[in-house]
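The lines below spell out each chain.
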Amino acid sequence: MSTFFKYNSNLMMVLGTGLCVGVGGTILYFKLTSAFLREIHRLSSSIETLKAEISILNEKLEGKSKWRKKRSGYYSVISASSGDETDNYEDALGGSSEFETPTEGDSDTEDIVKVEQSADVTALYKEIDTFIDGGETEKLKAYELLQNNKTKYSTDADFHWRLAKCTYQLAQIEGGKGNVEKKKEMLYSAKDTAERALHLNQKSANSHKWYSITLGSIGDYEGTQNKIKNGYTFKEHIEKAIELNKKDPSNHHLLGRWCYGVYMLSWLERKAAATLFATPPTSTAGEALTHFLEADRLNPGVWKENLLYIGKCYVELGKYPEAVEWLEKASLLPVVSQDDKTAEIEIESILAKYGGK
């Protein structure tokens, strides 16, 4: 239809002129007649063109209908956000409501290509996860892999929370080397990346978790007010992560960290919180301990930092024998990360103070 109006705009204009002016004389009459004859001739040609276009369009629609039916089995559950089958098809076709002619190579083999791409993503993430859980060299390999694939997976939340995690870990390594500014730069980058992951998928437990972790990590560079506000946001997202995945011990550990941090707020920080919020955050060492013990129940006896915090909670509760017992368990675990190095220093310090009690 767009072709029809494009080629016949002059005719519409002439008709408009005739209606407005009327028959005002012989000269105008002949101009109108001449214009009509020319436009009628062009109209005839346009009608033939239009018929041809309609015929081609019908063929395209027929082909598209067959193409969709052929592929419906593979794409029947594409959309996770809608139960409408039309939306599922449109997501599979690129999210457009317009029909598109299958390009050369569109056939049953495209299904295989998509499966292979999915397998490629799974393999890539498996490799990245293995590197991230390794030592410093492996973490650097993971970071390189992530950077090399950043454009390709720019809309994938699973990619972005992994990049946030890896960036956060490398930031800790830089801090351990004394590169303070580099650590700060990388922590803020990790926070922005995690925020991107969360924007892409609000139902991703890992996106909520790593947004909480990276948001908490920039606390040392924020003012007291921002630090307290971010604390509320931290808790909100870690509770959402637990709601989405109750079996992840790290989520419970992080909620324990929030409770412990609130419990340990200084007088000045509590005063600042009271001026910002009608009801400032409150918690207890016992509440924090509950979350750390749940994390240990889900991943028993293997997490140095979590065992450290269990010990610290028992110290705050005045239960020194229990604190020493958990801290000694923690001291026996190997140091495999920068967080472990930091935890080891604190474990030795607390044991030196309370080990004889």
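Since the model is a prediction, treat every value here as computed from it, not as a measurement. (Residues numbered from 1 in each chain as written. Predicted model: local features only at pLDDT ≥ 70, side-chain atom pairs only at ≥ 80, totals over all residues. Heavy atoms only, no water.)

### Structural notes on the overall build of the protein chain
Of the regular secondary structure elements, the protein chain holds 16 helices and zero strands. Counting only residues that meet the buried cut, the protein chain has 35% of its 357 residues in that class. Put simply, of all contacts in the protein chain between residues at least 6 apart along the chain, 60% involve residues at least 24 apart. Element-wise, carbon and sulfur atoms account for 54% of the exposed surface of the protein chain, whose accessible area totals about 21,100 Å². (Helix = DSSP H or I, 4+ residues; strand = E, 2+ residues; numbered from the N terminus. Buried < 20%, exposed > 50% of the residue type's maximum accessible area, 1.4 Å probe, protein only. Contact = heavy atoms within 4.5 Å. Areas by Shrake-Rupley, 256 points an atom, 1.4 Å probe, with all protein chains shown as cover.)

### A look at the pattern of salt bridges
Charged atoms that come close allow side chains of opposite charge to pair. The final tally for this structure, using the stated rule, is 12 salt bridges. Note that Lys209 is salt-bridged to Asp248, the shortest N-O span being 2.8 Å. Taken as a pair, Lys209 in helix H9 (residues 205-217) and Asp248 in the loop between helix H10 (224-244) and helix H11 (249-263) lie far apart in primary sequence, 39 residues in all. For the residue pair Lys209 and Asp248, the accessibility class agrees, reading buried in each case. Each of Lys191, Asp192 and Glu195 takes part in a single network of salt bridges with overlapping partners. (Salt bridge = Lys/Arg side-chain N within 4 Å of Asp/Glu carboxyl O.)

### What to know about helix H12 (residues 267-276)
Residues three or four positions apart in an α-helix share a direction because the helix packs 3.6 residues into each turn. Within the sequence span of H12, burial applies to Glu269, Ala272 and Ala273. End-on view of H12: buried residues confined to an arc of 100 degrees, all on one side of the axis. Exposed and oriented more than 90 degrees from the buried face of H12 are Trp267, Leu268 and Thr275. (Arc of directions from axis to C-beta.)

### Here's the deal with the nonpolar core
By size, the foremost hydrophobic cluster in this structure holds 58 residues, and its most contacted members are Ile128, Phe292, Leu308 and Ile310. If one sorts the elements of this core by residue count, helix H7 (residues 157-176) sits on top with nine residues. In this structure Leu308 touches Leu327, Ala330, Ala343, Glu346, Ile347 and Ile350, once residues within four positions along its chain are discounted. (Core = buried A, V, L, I, M, F, W, Y, C linked by side-chain atoms within 4.5 Å.)

### With respect to H7
Compared with the 28 Å implied by 1.5 Å per residue over 20 residues, the 29 Å span of H7 between its first and last C-alpha is a close match. With a side-chain oxygen lying 3.0 Å from the backbone nitrogen of Asp158, the N-terminal cap of H7 falls on Asp156. Backbone geometry just downstream of H7 places Gly178 in the positive-phi region, at approximately 90 degrees. (Expected span 1.5 Å × (residues − 1). Polar contact = N/O pair within 3.5 Å; in protein donor to acceptor, adjacent residues only side chain to side chain.)

### Let's talk about the environment of Leu351
If you trace the backbone, Leu351 turns up in helix H16 (residues 338-354). Apart from residues no more than four positions distant in its own chain, Leu351 is found in contact with Val324, Leu327, Glu328 and Ser331.

### What to know about the side chain of Glu174
In this structure, Glu174 sits in helix H7. Look at Glu174: it is buried, it has no salt bridge, and the nearest opposite charge is Lys177 at 4.7 Å. Ignoring any residue separated from it by four or fewer positions in sequence, one finds Glu174 in contact with Asn179, Lys182, Lys183 and Met186. (Lys, Arg positive; Asp, Glu negative; His and termini not counted.)

### Overview of the packing of aromatic side chains
Inspection of the entire model under this criterion finds eight aromatic pairs. Aromatic side chains Tyr260 and Tyr309 sit 5.5 Å apart centroid to centroid with 90 degrees between the ring planes, which places their arrangement in the edge-to-face category. Of this pair, Tyr260 sits in helix H11 while Tyr309 sits in helix H14 (residues 304-316), placing them 49 residues apart in sequence. Tyr309 shares its class with Tyr260; the two are buried. (Phe/Tyr/Trp six-rings, centres within 6.5 Å; stacked < 30°, edge-to-face > 60°.)

### Some words on the state of the cysteines
Scanning all chains against the criterion turns up zero disulfides. Note on Cys313: no disulfide assigned, nearest cysteine sulfur contributed by Cys259 at a separation of 9.0 Å. For Cys313, a relative accessible area of 0% translates into the label buried. (Disulfide = S-S within 2.5 Å.)

### As for the confidence of the model for the protein chain
With 67% of its residues at a pLDDT of 70 or more, the protein chain shows a mean pLDDT of 75. Counted against residues more than four places away or in other chains, residues 1-37, with its pLDDT under 50, gives 21 contacts. This stretch, residues 64-116, has a pLDDT under 50; its non-local contacts, to residues over four places away or in other chains, come to 38 contacts. (pLDDT = per-residue confidence, 0-100.)

### Regarding the packing of helix H6 (residues 136-148) against H7
One way to put it is that H6 packs onto H7 with a least axis distance of 10 Å and a crossing angle of 140 degrees. One finds that H6 runs oblique with respect to H7. Here the hand of the crossing between H6 and H7 comes out left-handed. Residue-level contacts link Glu136, Lys139, Leu140, Ala142, Tyr143, Leu146 and Gln147 of H6 to Phe159, Arg162, Leu163, Cys166, Thr167, Gln169, Leu170 and Ile173 of H7. For the contact of H6 with H7, a count of residues per class yields nine nonpolar, three polar and three charged. (Axes fitted to C-alpha atoms, helices over the stretch in contact; angles between N-to-C directions. Parallel < 35°, antiparallel > 145°, perpendicular 65-115°, else oblique. Left-handed = near helix turned anticlockwise from the far one by under 90°. Nonpolar A, V, L, I, M, F, W, Y, C, P; charged D, E, K, R; others polar.)

### Re the packing of H10 against H12
As a packed pair, H10 and H12 sit with axes 10 Å apart at the nearest point and diverge in direction by 70 degrees. For the element pair H10 / H12, the angle class is roughly perpendicular. Only Glu269, Ala272, Ala273 and Leu276 of H12 make contact with H10, whose side of the interface consists of Thr224, Gln225, Lys227, Ile228 and Lys229. Its residues assigned to classes, the contact of H10 with H12 comprises four nonpolar, two polar and three charged.

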